[in-house]
Structures are given as C-alpha cells and as structure tokens.
Amino acid sequence: MMATNLAPGVHWVGAIDWNLREYHGYTLPGTTYNAYLVRGEKTALIDSAYAGFENQILGRVASVCDPGEIDYIVLNHIEMDHSGCLPTLVRKMPGIPIYCTERAKTGLARHYDTSGWNIRVVKTGDTLDLGGKTLTFLEAPMLHWPDSMFTYLAEDAILFPNDAFGQHIASAARFDDQLGKNEALAHAQKFFANLIIPLAPKVLKKLDEVGKLGIAIEMIAPSHGIIWRSYAGDILKAYIDWSQGVAKDKVTIVYDTMHGSTTMMAQAIAEGVMAEGADVRVCLLRDGRY
Ligand SMILES: [Fe+2]
Ligand SMILES: [Fe+2]
C-alpha cells in the first residue's frame, strides 16, 4: 500500500472505501477518508477513518516511515468517518498526544472510552511546531459539526479543512487535475448541497476570516475525495458562489398528469424557457410516458 506525496514531507495516507453507496442521505460511488502525514523533525498524523480501515492507513504510513514514529495525532473532526481508528491507534501508541478542539474532546468521550487518552485542547491561532513544519489550528464550528476545525501547514501553504471542500468519490485520482476539474467540482457541489448548504452564512464568514489572515493557500486537502492543487482558487470561488446562492439560468419543471394535458403544458413552458436561452429540465413525477 502506498502513500501519495503532496509536498516534501507531506503525504496522503488515507483509506479508499470503494463500497460505500449511501452517506449523508445521497447515493455515492464510494468515498475516501483522507488522512495526512506531516513530517518535520517530529511527525503528525492528521485525521483517520472509520474503524476497520486501520490497516489501509497504517499500511500507507508504513510506506513512508515506521508507524511508531508518529509523535502526534491531529483530529479536525470527531465524526466516526474520521475518528473511528483512534481506539486502535491509541492502543498501538499509548499516550500519544491528540490535538483537537474543546468540543471535540467532549464529543470523543461520548463516542469512545477516552480515559487514559492524552487529549490536548487547541484554540484558533494555536500552533504545533514539528521542527521545520508548523501546524496552525483554526476552529470552524458548524462547518459542519460544532467540534470542527481546520489545520494549516504554513511552510507548504496547505489547508486541511476536513469535510469542507470535500467530495464523496472513490477513484485512483488523488488530485483535482487527475480527476478533471469539471468532475471534481460536480462532486464537490453535490457534497455542498447535501451537507453544507444550511450553514452557508458560516461558510462566507469563515472564508472571510481566512482571507483576513492573509495566508497563502496553495493546496486544499480535505478529508474526502481529491486534493485541490491546480484548482484551489476555483473551489474557493465555487464555495463563495454556492453560499451566496449564485445560480445558473436553469429551470426545472416538475409535474404529474393523468391524461397528458399537463405534459403539453410542461413542454410548452420548456420550449419558452429554451427560447429565452436558459437551460431546462422537465421531470415527470412517476415512471412512464403520458
Ligand atoms: Fe463530518
Ligand atoms: Fe466526513
């Protein structure tokens, strides 16, 4: 099992779940649970996966270094798809420091028996110096859970925003330019529509806050799907547009009919929409032709 390099000393060591078909209430072609290894003089593992994926994560770590060399775990979000390996990891590495928010600490204790875990609570602006690599933490409550946070790696200008900017897709591609920009954005849009949209005002506020920090963002490495390296600016702009409700000129006509009369009306409306140069989709509410 192999890791994928993002930058010198920064590696994707996540798990691919080819079989997941339903999550967050929508149909999926699988997904990935992305974890990252950041190596300075010390080594940090950022996030993990559901329980059962430990061998994928540790197998990929082993292609870079002995897993026993992991000094710290950073947990950006406690939901089980990112924290599920923790009991195994802590059993293998007793006393390993786990960096997370205060709310994550409380939440972890509800999910797992955390007695004896070495949990270190961090706030926005706190840093973890790995020696040549510096992680800075940024709380992101309700993006998309109360405990969520982003981690920023200054030396390589990489943002690890956990679920934000993610996409549910299982593929051999690790980067946006390998999957293709349009497909990557389409999966990100589906993810946004199903998870993030009720929190759109918070997205705008957080992006504004990140913008005011004046930090460079060369790469966005979320916890699901591909890593944004060629189109990081595009996904940031897309999140702003989607949060502001910027929409295409597109009309969806949803209808039902008994004898086909409403079909005639729906088609007439669709013709009118097309004549104005807008996109249109006509959806009959049941199977069949009327
Ligand atoms: Fe989540
Ligand atoms: Fe997730």
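Let us look at the structure shown here. (Residues numbered from 1 in each chain as written. Chains lettered and ligands numbered in written order. Predicted model: local features only at pLDDT ≥ 70, side-chain atom pairs only at ≥ 80, totals over all residues. Heavy atoms only, no water.)

Note on aromatic pairs: each is described by the distance of the centres and the angle between the planes. Under the counting rule described, the total for this entry stands at 11 aromatic pairs. Ring centres of Phe165 and Tyr239 lie 4.4 Å apart, and the angle between their planes is 40°; on these two criteria the pair is classed as tilted. Highlighted residues: Phe165 in the loop between strand 15 (158-160) and helix 5 (176-179) and Tyr239 in helix 8 (residues 232-244), separated in sequence by 74 residues. Residue Tyr239 is classed as buried on the basis of its relative accessible area of 2%. Ring plane angle 75° and centroid distance 4.9 Å describe the contact between Phe192 and Tyr239, whose orientation is recorded as edge-to-face. Taken together, the positions of Phe192 in helix 6 (residues 181-196) and Tyr239 in helix 8 put the pair 47 residues apart, joining distant regions of the chain. Considered together, Phe192 and Tyr239 belong to a single accessibility category, that of buried residues. (Phe/Tyr/Trp six-rings, centres within 6.5 Å; stacked < 30°, edge-to-face > 60°. Helix = DSSP H or I, 4+ residues; strand = E, 2+ residues; numbered from the N terminus. Buried < 20%, exposed > 50% of the residue type's maximum accessible area, 1.4 Å probe, protein only.)

Another aspect to go through is the coordination of the iron ion (ligand 1). Each protein donor to the iron ion (ligand 1) is listed here as His77 (NE2), Glu79 (OE), His144 (NE2) and Asp163 (OD); together their distances run 2.0 to 2.3 Å. Angles of 88 to 171° at the metal separate the four donor atoms of the iron ion (ligand 1), which places the site in the irregular class. (Donors = N, O, S within 2.8 Å, 3.2 Å for Na, K, Ca; no water. Tetrahedral: all angles 85-135°; square planar, octahedral: opposite > 155°, others 65-115°.)

Let's shift gears to the coordination of the iron ion (ligand 2). The coordination sphere of the iron ion (ligand 2) contains the protein donors Asp81 (OD), His82 (NE2), Asp163 (OD) and His224 (NE2), at a distance range of 2.1 to 2.2 Å. Every donor counted, the four donor atoms about the iron ion (ligand 2) form angles of 86 to 172° at the centre, which fits irregular coordination. Look at where the donors of the iron ion (ligand 2) fall in the sequence and you get D-H-x80-D-x60-H. A distance of 3.6 Å spans the gap from the iron ion (ligand 2) to the iron ion (ligand 1), which Asp163 bridges by coordinating each metal. In this pair, His82 sits in helix 2 (residues 80-83) while Asp163 sits in the loop between strand 15 and helix 5, placing the two residues 81 residues apart along the sequence. By the burial criterion, His82 is buried, and Asp163 matches it.

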